[in-house]
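# Secondary and tertiary structure notes
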Amino acid sequence: MDSAMGYSMRKNKTYHRKKTVLLWVLCMGMMVGLAGRLVYLCVFRSVYYSEKADDLHERERGIKAARGRILDANGEVLAANRTVCTISVIHSQIEEPEAVIAMLVKELGISEETARKRVEKRSSIERVKTNVDKETGDTIRSYGYAGVKVDEDFKRYYPKGKLASRVIGFTGGDNQGIIGLEVEYEEILKGINGKILTTTDARGIEQNGIGESRQEPVAGRDLKVSLDVNIQAYCQQAAEKAMAEKQADSVSILLMNPQNGEIYACENVPEFDLNDPFILNTDVDTSGLNEQEKQDKTFILHCLKYQENIFSRDNPLVHMTASAWVVNEARTKVLMVYHNIYNSWSWMGGHADGEEDLLAVALREVREESGICQVHPVTEDIYSLGV
């Protein structure tokens, strides 16, 4: 019996010893694995995680690049830039919200409701207003309120007003070319935007003593064209006179050097003021449209007048599409389709493909994409414009 008990005790000791060794091996394996992982992260992935940490603690604000100038054949400026400001607020940094709201209302002329909505919005940075005069921007900066950012920006300026407006074209609120030379030579004129990087803590509060780092923008290149301002002005006067005498809707003049094809003047009256291009020279009502819709409407009307095959995909620059916002008869539900390509829900629509009746295009696309045959327009008016 003693012998049996001794054997059993030796067996248990051996069993526990094996368990201890196995546990030790497992612990050592885990330690080696963790050490290896630590070496991998600290040595081989250090640059990646350092960049991630910088992205997490750096707040970025864009700096627009100055667009290149457009010059006539004699070096006279047709398009240049004016310095303006963009006013933004950072909710997490604002210490005196009521004072900031009152200041924005006073200096920017916006409503208190709009100012409060911008100041109280919890976002990384909220843009309040763009294209603000530099004097106003300097005044806002002088208040010294925490969380209010004044960044210098550029706005396109056309010193010749409406001269050659349809040739030169103009830019939108984002300083991107919309029509004419401004869009045709966008890659040359636009430059490369810069940015301001500010270091913040986890709550988005700027860290004192660290300051800001800047990546300076690169200005666009100048564009010199063959137009001659004096010849263009003479052709404009002649065209306006002819339009008045003949009671014509429009008059065009093209003056070209037959030896080399250089165009000295290209006049299309009526012209429009390039410094205020969204006041259209048409009887089309633009009331109720926001700034973006006015830009889009101007561009669409320009393309309808000067582009060929705009209702066909054969036009490489632009072509028309039409969409529909589909509701039930009680207007309590909306019908949308899921696009596998974009992995999202969307309204129905498609290309005109030669059809100039865009309402018919919209109805056709709804029937094709939904399978519903009985579809009727709630209104024949345009619901929304977009480019």
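The structure we're discussing is the one just above.
Here's what I pulled together on the structure shown here. What you see as residue numbers is a count from 1 along each chain, following the sequence as written. Side-chain atom pairs in this predicted model are given and counted only at pLDDT of 80 or more, local residue features only at pLDDT of at least 70, and totals for whole chains, interfaces and linings cover all residues. In computing side-chain values, all of the structure's heavy atoms are included and hydrogens and water are not.

A word on the nonpolar core. Joining through side-chain atoms within 4.5 Å is the link that ties buried Ala, Val, Leu, Ile, Met, Phe, Trp, Tyr and Cys residues into a set, and such a set is a nonpolar core. Each residue's exposure class comes from its accessible area (1.4 Å probe, protein chains only) as a fraction of the maximum for that residue type: buried when under 20%, exposed when over 50%, partly exposed otherwise. Counting residues in hydrophobic clusters, the biggest one holds 37 residues, and the most contacted among them are Ile70, Ile168 and Phe170. Put simply, DSSP H or I for four residues or longer makes a helix, DSSP E for two residues or longer makes a strand, and each gets a number counted from the N terminus. The element that contributes the greatest number of residues to this core is helix H11 (residues 358-370), accounting for 4 residues. Counting residues in each nonpolar core, the second largest holds 17 residues, with Cys85, Val89, Leu108 and Ile110 among its members.

Moving on to the packing of aromatic side chains. Two numbers describe a pair of aromatic rings. These are the distance of the centres and the angle of the planes. Aromatic pairs are defined between Phe, Tyr and Trp rings, using the six-membered ring for Trp, whenever the two ring centres lie within 6.5 Å; interplanar angles under 30 degrees are classed as stacked, those over 60 as edge-to-face, and all others as tilted. Counted under the stated rule, the structure contains 4 aromatic pairs. Seen from their ring centres, Tyr338 and Trp345 are 5.2 Å apart, and the 70° between their planes marks the pair as edge-to-face. The ring of Tyr157 carries Arg82 above its face, with NZ or CZ at 3.8 Å from the centroid. The criterion is that NZ of a Lys, or CZ of an Arg, lies within 6 Å of the ring centre and within 35 degrees of the ring normal, and then a charge sits over that ring.

To continue, consider a nonpolar patch on the surface. Within the patch definition used here, like charges are joined within 9 Å and nonpolar side chains (Val, Leu, Ile, Met, Phe, Trp, Tyr) within 5 Å, considering only residues with over 30% relative accessible area and no salt bridge. Method for areas: the Shrake-Rupley scheme with a 1.4 Å probe, in which residue coverage is limited to the protein chains shown. Just to be clear on terms, a salt bridge is a Lys or Arg side-chain nitrogen sitting within 4 Å of an Asp or Glu carboxyl oxygen. The grouping of Trp325, Val327, Val334, Trp347, Val378 and Tyr383 at the surface amounts to a nonpolar patch, some 660 Å² of accessible area in total. In this structure Val327 comes out as partly exposed when scored by relative accessible area, which is 31%.

Omega for the peptide link from Val269 to Pro270 comes to 5°, which places this bond in the cis form. Mapped onto the elements of the fold, Pro270 is located in the loop between strand S10 (263-269) and helix H10 (291-306). Not every positive phi belongs to a glycine, and Ala164 is a case in point at roughly 55°. Looking at the element boundaries, Ala164 is found in the loop between strand S5 (148-157) and helix H6 (165-168). The exposure class of Ala164 is buried, given its relative accessible area of 3%. Residues other than glycine seldom take positive phi values, yet Asp353 does so here, at roughly 50°.

We now examine the pairing of strand S11 (residues 321-324). Side chains of S11 alternate between two faces, with Ala322 and Ala324 buried and Thr321 and Ser323 left unburied. Examined bridge by bridge, S11 and strand S16 (residues 348-351) share 4 bridges and lie antiparallel to one another. Considered in S16, the bridge of Ala322 is made with Gly350. Strands pair, by our definition, only if DSSP identifies at least two bridges between them.

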